[in-house]
Amino acid sequence: MKLEKLLLQNRTIILKRWLDSILESYSSDTKRFLKKQSDQFANPVGQTISKEIGNLFQELLEGVDPARLSPILDRIVRIRAVQDFSPSQAIFFVFQLKGVIRKELNKEIRENRLSDELAEFESRIDDMALIAFDVYMRCREKIYEISANQAKNQVSRLLQRAGLISEVPEWEPHQKETT
Amino acid sequence: MSDVPKPEELAKVDHTSPLITGWMNSPVEIKKGVACYAGKPKNLEYVGLPNPREWSPLDEDWKLPDNWKEIILDGLRERLERFRSLKIFMDICVRCGACADKCHFFIGGGDPRNMPVLRAELLRSIYRREYTTAGKIMGKFAGARDLTVDVLKEWWYYFFQCTECRRCSVFCPYGIDTAEITIIGRELLNLVGLNIDWISAPVANCYRTGNHLGIQPHAYKDMLDFFVDDIEEITGVKMEPSFNRKGAEILFITPSGDVFADPGTYTCMGYIMLFHYLQKMGLDITWSTYASEGGNFGYFTSHEMAKRLNAKMYAEAKRLGVKWILGGECGHMWRVINQYMDTFNGPADFLEEPVSPITGTKFENAKGTKMVHIIEFTADLIKHNKLKLDPSRNDNLKVTFHDSCNPARGMGLLEEPRYVIKNVCNNFYEMPENTIRELTFCCGGGAGLNAGEDMELRMRGGLPRANAVKHVHEKYGVNMLACICAIDRAVFPDLMQYWIPEVGVIGVHEMIGNALILEGEKERTTDLRSEPLHGMEEVEEAEEVKKEEKVEENKDV
Ligand code: SF4
Ligand code: SF4
């Protein structure tokens, strides 16, 4: 596959542009921080995204293996699932790769008549997006589950067994007010 | 932290403002998953907090009193006079941005208003408008703006997205402590009835029954009796903790989470075992079913409320006539004791300077407050070779240690917990340097934010911590996150479930309970969680089968 070779040759620039476009989803100050701070513990979000998109790219070149893509996607999506994003915003980063490739390799693709190969590669990206959806849903469900169990978890098994909780009773003035 | 920056520090500071202009113009959107529920009227009424009413942060109308603006501005003026530090913090920030990327909520969530410098600007912009000439004349050009309902809402949203962890203050060349700005911000909000349920309910409960959950004295004792039974089953030794005993030398107070919430309950079992062990050596200690809360959610409400709740502990110490107070594993409890208690309710002259009855060590650091953190007490015991320990009983655990913000940054308890852990377990691994000790990352749920409805916020805020835990999990196989704080023990299980489900949470005194060799104990086959010890899996299984057979036999009869 010629396109594959082309993608490999341009790996660095594609990943750089892909990262840039993903970071566009953050405010300008945040973007600057996510991009600049290279310590993975001081900047887990920026570093995770930049590392894992490299892994995703590598996987895509080899095909679409959900078992391998899913854990990589998980590391990015799990973060975006708890940030201020709607579901579509949270996984839009997958689709952004398409635009990056078209823009960066436009000329080469036309000159070498690679549009069929491109269409095939883009359908891999679509498949990856579907996997990302599933991952996103799993993360959100987990949050709801933790949230729902939270009150229960914070009270000891023993206490529930014994029924020993007593709350502050309704206070007189308030009862008057509301009745 | 010194208040005045050193010249070389100043030289390093880049004085160009990193801030997006226009943050003032973009209105805040209150989101589910981030915002907490509003305080319930019954709980506000119970402790006499202003403007009790049903309201929701998601509604347009927050049902403020008509003169809310006057109340807030008067409140701010009064506090500027009362707290010199507040006035200084308002004036001296040069917006260098050194603190900007140090807050876990910003790092994990990316919302620029969670940069500490912007969090402080929320209040500072009003301060400038009202109290500085430039602000009065030039308004927005001088970073000033009018106090409106939208500003108030923004305050509420973001002051309840700060865990008052103080990480940012470590990086500020001027020593500005944004946590203190949050504290004042929350205090002002409370003046017009803006608070959150997860704080005001524990406050009311604590005021009424002495603890956050509203557990009554008999129930408190029942819980400890349960633990005594469990301990006897595991070790074969029967213990008899004493309650409300007048004339005891020491009063023990721990956060109610240790008594009522897992996995804190196992830490509590560790305390009981330690005290039993030391009894023969001369420890004379009592629990109290009235001072049944070491935590102080009043501190997340106002100075006044913190003082009221803090006074309860000392009143109980006085009533029982003890000499000093030993405190359980807790975080913010120690910030209150260490930094505020003396001014609130001190000096506690009716108590004596704490001395360990076992080692004779004087806890001079607790001279004023007469209250000692149990991790110091236990570290001292180990240092003097007073405990017989079998660390191999913790061999199932590969442990890392989370420095809780308050004991670490607030009181410098950095070595003691590590020393104890290394003596009770064989596998200890540190997280990366820039995530521990003074630089520790918050659990994401401190200062009253460990509710259920703000889970998204907690998961973001806890991300930097979880990320470091994940690192040691992947590198060394760490499976246990140890801490000396009850809020941590409540917050981390949720956080780990989302980010690294393979890692559990443990209090340091639970590990002590496991390792402590008690006189007359049977051969232990399980840990305090009733899980088989390392190498005991088969023995335990056989025991279980035997037990089941017995039950079956009894059924047949
Ligand atoms: S005190 Fe902690 S939570 Fe608050 S702004 Fe500073 S770093 Fe963030
Ligand atoms: S609070 Fe301190 S570190 Fe942060 S911007 Fe202001 S001066 Fe700089």
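Quick caveat: nothing in here was measured; it's all calculated off a predicted structure.

J.: Help me understand the pairing of strand E1 (residues 250-253) of chain B, please; the structure alone is not making it clear to me.
T.: Successive residues of a regular strand alternate their side chains across the two faces of the sheet. Residues and elements named next belong to chain B. Along E1, one buried face is formed by Ile 250 and Phe 252 and the opposite face, lined by Leu 251 and Ile 253, is buried too. Two strands pair when backbone bridges link them, and E1 and strand E2 (residues 285-287) are joined in this way by three bridges, in the parallel orientation. When the bridges of E2 are listed, Leu 251 appears paired with Thr 286. Here E1 runs beside strand E3 (residues 324-327); their pairing, made up of four bridges, is parallel. When the bridges of E3 are listed, Phe 252 appears paired with Leu 326.

J.: What's the story with the state of the cysteines in this structure? I'm lost.
T.: Here a disulfide denotes one covalent bond, and it connects the sulfur atoms of two cysteines. Residues and elements named next belong to chain B. This structure, assessed with the given rule, holds zero disulfides over all chains. Considering cysteine sulfurs only, Cys 330 is the nearest to Cys 206, which forms no disulfide, with 11 Å between them. Sulfur of Cys 483: no disulfide; nearest cysteine sulfur belongs to Cys 485 and is 6.5 Å away. The buried category is assigned to Cys 483, whose relative accessible area is 0%.

J.: Looking at this structure, I do not really get the side chain of Asn406(B). What am I missing?
T.: All names here are of chain B. Mapped onto the secondary structure, Asn 406 falls in helix H18 (residues 405-411). A polar atom in the side chain of Asn 406 sits 2.5 Å from the side chain of Arg 335. For Asn 406, the contacting residues outside a window of four places in its chain are Gly 331, His 332, Arg 335 and Met 411.

J.: What is the right way to read the site of ligand 1 from this model?
T.: Residues and elements named next belong to chain B. Near ligand 1, the surroundings consist of Cys 103, His 104, Pro 116, Arg 119, Cys 162, Thr 163, Glu 164, Cys 165, Arg 166, Cys 168, Thr 178 and Ala 179. Listing elements by their share of the shell around ligand 1, those giving two or more residues are helix H6 (116-131) and helix H10 (178-191). Residue classes in the shell around ligand 1 are distributed as six nonpolar, three polar and three charged.

J.: I tried to follow the packing of helix H3 (residues 68-82) of chain B against helix H4 (residues 84-92) of chain B on my own but got confused; where do I start?
T.: The description of two packed helices rests on the angle between their axes and on the distance between the axes. Residue and element names in this part refer to chain B. It is the contact of H3 with H4, at a shortest axis distance of 5 Å, that shows an interaxial angle of 105°. As the angle between them shows, H3 and H4 are arranged roughly perpendicular. Of the residues in H4, those touching H3 at Leu 76, Arg 79, Leu 80 and Arg 82 are Arg 84, Leu 86, Lys 87 and Met 90. A per-class count over the contact of H3 with H4 returns four nonpolar, no polar and four charged.

J.: What exactly am I supposed to notice about the sheet that holds strand E4 (residues 371-373) of chain B here?
T.: Strand pairing within a sheet occurs via backbone hydrogen bonds; the two strands may be parallel or antiparallel. All names here are of chain B. Across the sheet, four strands lie side by side as E2-E1-E3-E4; this open sheet has parallel pairing. Two strands lie at the open edges of the sheet, namely E2 and E4, each paired on one side alone. The average angle at which neighbouring strand axes cross in this sheet is 30°, direction not considered. Running at roughly 140° to E4, helix H16 (residues 332-345) makes contact with E1, E3 and E4 of the sheet.

J.: What am I meant to see in empty space enclosed by the protein here?
T.: Gaps left between atoms show up when a probe the size of a water molecule is rolled over them. All names here are of chain B. For the coordinates displayed, the defined rule picks out five cavities of 30 Å³ or more. What lines the largest cavity is a set of 20 residues, and nearest its centre among them are Thr 163, Cys 405, Asn 406, Gly 446 and Ala 447. At the level of secondary structure, the elements contributing two or more residues to the lining of the largest cavity comprise H16, H18 and helix H22 (486-499). For the lining of the largest cavity, the leading source of residues is H18, giving three residues. Classifying every residue of the lining of the largest cavity by side-chain character gives ten nonpolar, seven polar and three charged. Counting the residues that make up the lining of the largest cavity, at least three belong to each of domain 1 (24-195) and domain 2 (202-515). What lines the second largest cavity is a set of 16 residues, and nearest its centre among them are Cys 93, Cys 99, Val 117, Cys 172 and Ile 176. If one sorts the elements of the lining of the second largest cavity by residue count, H6 sits on top with four residues.

J.: Help me out: how do you make sense of the domain arrangement of chain B in this one?
T.: As a measure of interface size, the accessible area lost when the parts come together is often cited. Residues and elements named next belong to chain B. In terms of domains, chain B is made up of domain 1 (24-195) and domain 2 (202-515). With 34 residues of domain 1 at the interface, the matching set in domain 2 holds 38 residues. Joining domain 1 to domain 2, the criterion identifies zero salt bridges. Summed over the shared surface of domain 1 and domain 2, the result is twelve residue pairs in polar contact (both at pLDDT 80 or more). When residues in the side of domain 1 that touches domain 2 are grouped by element, the largest group, six residues, is from H10. For the side of domain 1 that touches domain 2, the per-class residue count stands at 18 nonpolar, eight polar and eight charged.

J.: Even after reading the chapter, I still don't get the sheet that holds strand E7 (residues 504-507) of chain B, so can you show me in this structure?
T.: Residue and element names in this part refer to chain B. Taken in spatial order, the three strands line up as E5-E6-E7 in an open sheet, and their pairing is parallel. Edge strands, defined here as strands with exactly one partner in the open sheet, are strand E5 (399-401) and E7. Each strand of the sheet is rotated relative to its neighbour by a mean of 35°, with strand direction disregarded. Alignment of E5 against strand E6 (residues 480-483), held across three bridges, turns out to be parallel. Among the inter-strand pairings, Phe 401 is bridged to a residue of E6, identified as Ala 482.

J.: Can you walk me through helix H21 (residues 463-476) of chain B in this structure?
T.: For an α-helix the count is 3.6 residues per turn, leaving residues at separations of three or four pointing the same way. Residue and element names in this part refer to chain B. When the terminal C-alpha atoms of H21 are compared, their 20 Å separation across 14 residues agrees well with the 20 Å that a helix rising 1.5 Å per residue should span. Those residues of H21 that sit buried are Leu 463, Pro 464, Arg 465, Ala 466, Asn 467, Ala 468, Val 469, Val 472 and His 473. Gly 477 sits one or two residues past H21 and shows a positive phi near 75°.

J.: Is there a simple way to think about the packing of helix H4 (residues 44-62) of chain A against helix H5 (residues 66-80) of chain A in this case?
T.: Residues and elements named next belong to chain A. Taken N-terminus to C-terminus, the directions of H4 and H5 make an angle of 155°; their axes are 9 Å apart at the nearest point. Judged by the angle between their axes, H4 and H5 are roughly antiparallel. The two elements H4 and H5 meet at a crossing, and its hand is left-handed. When H4 is examined against H5, the residues Val 45, Thr 48, Ile 49, Glu 52, Ile 53, Asn 55, Leu 56 and Glu 59 are found in contact with a partner set consisting of Arg 68, Leu 69, Ile 72, Leu 73, Arg 75, Ile 76 and Ile 79. Counted by class, the contact of H4 with H5 contains nine nonpolar, two polar and four charged residues.

J.: It is not clear to me how the pattern of salt bridges should be interpreted in this structure. Could you clarify?
T.: When their charged atoms lie close together, side chains carrying opposite charge are able to pair. Residue and element names in this part refer to chain B. Under the definition given, this model contains 45 salt bridges over all chains. Arg 79 is paired through a salt bridge with Glu 187; the nearest N and O atoms lie 2.6 Å apart. Here the residue Arg 79 occupies a position in helix H3, and Glu 187 occupies one in helix H10, the gap between them amounting to 108 residues. Of the residues examined, Arg 79 reaches a relative accessible area of 6% and is grouped as buried.

J.: What is the right way to look at the nonpolar core in this model?
T.: Soluble globular proteins tend to pack their nonpolar side chains together in the buried interior. Core analysis: the biggest nonpolar cluster contains 150 residues, and Trp18(A), Leu73(A), Trp155(B), Trp156(B), Met496(B) and Trp499(B) have the highest contact counts within it. Looking at this core, the element that brings in the most residues is helix H7 (residues 115-153) of chain A, giving twelve residues. The contacts of Trp155(B), once residues within four sequence positions are left out, are Ile72(B), Leu122(B), Leu123(B), Ile126(B), Leu147(B), Phe160(B), Leu188(B) and Leu189(B). Counting residues in hydrophobic clusters, the runner-up holds 81 residues, among them Ile231(B), Ile253(B), Val372(B) and Ile506(B).

J.: Please clarify how the confidence of the model for chain B should be interpreted in this entry.
T.: In regions of low pLDDT, the predicted coordinates are not meant to be interpreted in detail. Residues and elements named next belong to chain B. Per-residue confidence for chain B gives a mean pLDDT of 91, with 95% of residues at or over 70. This stretch, residues 1-5, has a pLDDT under 50; its non-local contacts, to residues over four places away or in other chains, come to twelve contacts. The low-confidence segment residues 7-20, where pLDDT is below 50, has 24 contacts with residues more than four positions distant or belonging to other chains. In the predicted complex, the global pTM is 0.92; the interface-specific ipTM is 0.90.

J.: Any chance you could explain the site of ligand 2 here in plain terms?
T.: Residue and element names in this part refer to chain B. Around ligand 2 sit Cys 93, Val 94, Arg 95, Cys 96, Gly 97, Ala 98, Cys 99, Val 117, Cys 172, Pro 173, Tyr 174 and Ile 176, and those are all the residues in its vicinity. The cavity where ligand 2 resides is the second largest cavity. Partitioning the shell around ligand 2 into residue classes produces ten nonpolar, one polar and one charged.

Thresholds applied
- Residues numbered from 1 in each chain as written.
- Chains lettered and ligands numbered in written order.
- Predicted model: local features only at pLDDT ≥ 70, side-chain atom pairs only at ≥ 80, totals over all residues.
- Heavy atoms only, no water.
- Buried < 20%, exposed > 50% of the residue type's maximum accessible area, 1.4 Å probe, protein only.
- Helix = DSSP H or I, 4+ residues; strand = E, 2+ residues; numbered from the N terminus.
- Pairing = 2+ DSSP bridges.
- Disulfide = S-S within 2.5 Å.
- Polar contact = N/O pair within 3.5 Å; in protein donor to acceptor, adjacent residues only side chain to side chain.
- Contact = heavy atoms within 4.5 Å.
- Near = heavy atom within 4 Å.
- Nonpolar A, V, L, I, M, F, W, Y, C, P; charged D, E, K, R; others polar.
- Axes fitted to C-alpha atoms, helices over the stretch in contact; angles between N-to-C directions.
- Parallel < 35°, antiparallel > 145°, perpendicular 65-115°, else oblique.
- 1 Å grid on protein atoms, 1.4 Å probe; cavity = no way out; pocket = protein on both sides within 12 Å on 5 of 7 lines; lining within 4 Å.
- Points joined across faces, edges and corners; volume = space filled by probe spheres on them.
- Domains from an automatic or database assignment.
- Salt bridge = Lys/Arg side-chain N within 4 Å of Asp/Glu carboxyl O.
- Expected span 1.5 Å × (residues − 1).
- Left-handed = near helix turned anticlockwise from the far one by under 90°.
- Core = buried A, V, L, I, M, F, W, Y, C linked by side-chain atoms within 4.5 Å.
- pLDDT = per-residue confidence, 0-100.
- Sits in = over half its atoms within 2 Å of the grid points.

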